[in-house]
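# Fold and contact review
The primary structure of each chain is shown beneath.
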Amino acid sequence: MKSTESIRLFALDTSFIESQNFLGGKLLKNLADMGKEKHVKIYITDIVYREVLSRFAKRLLEEESKIITVKKRLPKFGY
């Protein structure tokens, strides 16, 4: 039996979410808006969820390290 209905189910993976700057990407925001309007259903597995949280935490730690480095250099420039 053929269906004329479009595929409207999306399973997101870690690399896609990370490439979209986690929740900051335009494509991911558009997809979320379509989900809110019930045009699509978005799925994420438990393992992807945990991977995303892990990578997000890793990025936060990296950025924190950069901020600390900059703060240490500021007195050298009279700030």
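These notes cover the structure that comes with them. Note that this is a predicted model, so its numbers are computed, not measured.

## Brief notes about unusual backbone geometry
- In this model, Asn21 sits at a positive phi of 55°, which is unusual for a non-glycine residue.
- Checked against the element boundaries, Asn21 lands in the loop between α1 (14-19) and α2 (26-36).
- Classification of Asn21 by relative accessible area gives partly exposed; the value is 49%.
- Even without glycine at this site, Phe22 takes up a positive phi of about 60°.
- By secondary structure assignment, the location of Phe22 is in the loop between α1 and α2.

## Comments concerning the side chain of Thr14
- Residue position: Thr14 is located in helix α1.
- In contact with Thr14, not counting residues within four places along its chain, are Val48, Glu51, Val52 and Arg55.

## Considering the environment of Leu28
- With respect to the helices, strands and loops of the structure, Leu28 is situated in helix α2.
- Classification of Leu28 as buried rests on a relative accessible area of 10%.
- The spatial distance from the C-alpha of Leu28 to the C-alpha of Leu12 is 9.7 Å, given a sequence separation of 16 residues.
- When residues no more than four places from it in sequence are discounted, the contact partners of Leu28 are Leu12, Phe16, Gln20, Phe22 and Leu23.

## Considering the nonpolar core
- Leu12, Ile17, Phe22, Leu28, Leu31, Val40, Val48 and Val52 form the largest nonpolar core, which has eight residues in total.
- Contributions of two or more residues to this core are made by α2 and α3 (46-73).
- Beyond its immediate stretch of four places on either side in the chain, Leu12 contacts Ile17, Leu28, Leu31, Ile42, Tyr43, Ile44 and Val48.

Conventions used here
- Residues numbered from 1 in each chain as written.
- Predicted model: local features only at pLDDT ≥ 70, side-chain atom pairs only at ≥ 80, totals over all residues.
- Heavy atoms only, no water.
- Helix = DSSP H or I, 4+ residues; strand = E, 2+ residues; numbered from the N terminus.
- Buried < 20%, exposed > 50% of the residue type's maximum accessible area, 1.4 Å probe, protein only.
- Contact = heavy atoms within 4.5 Å.
- Core = buried A, V, L, I, M, F, W, Y, C linked by side-chain atoms within 4.5 Å.

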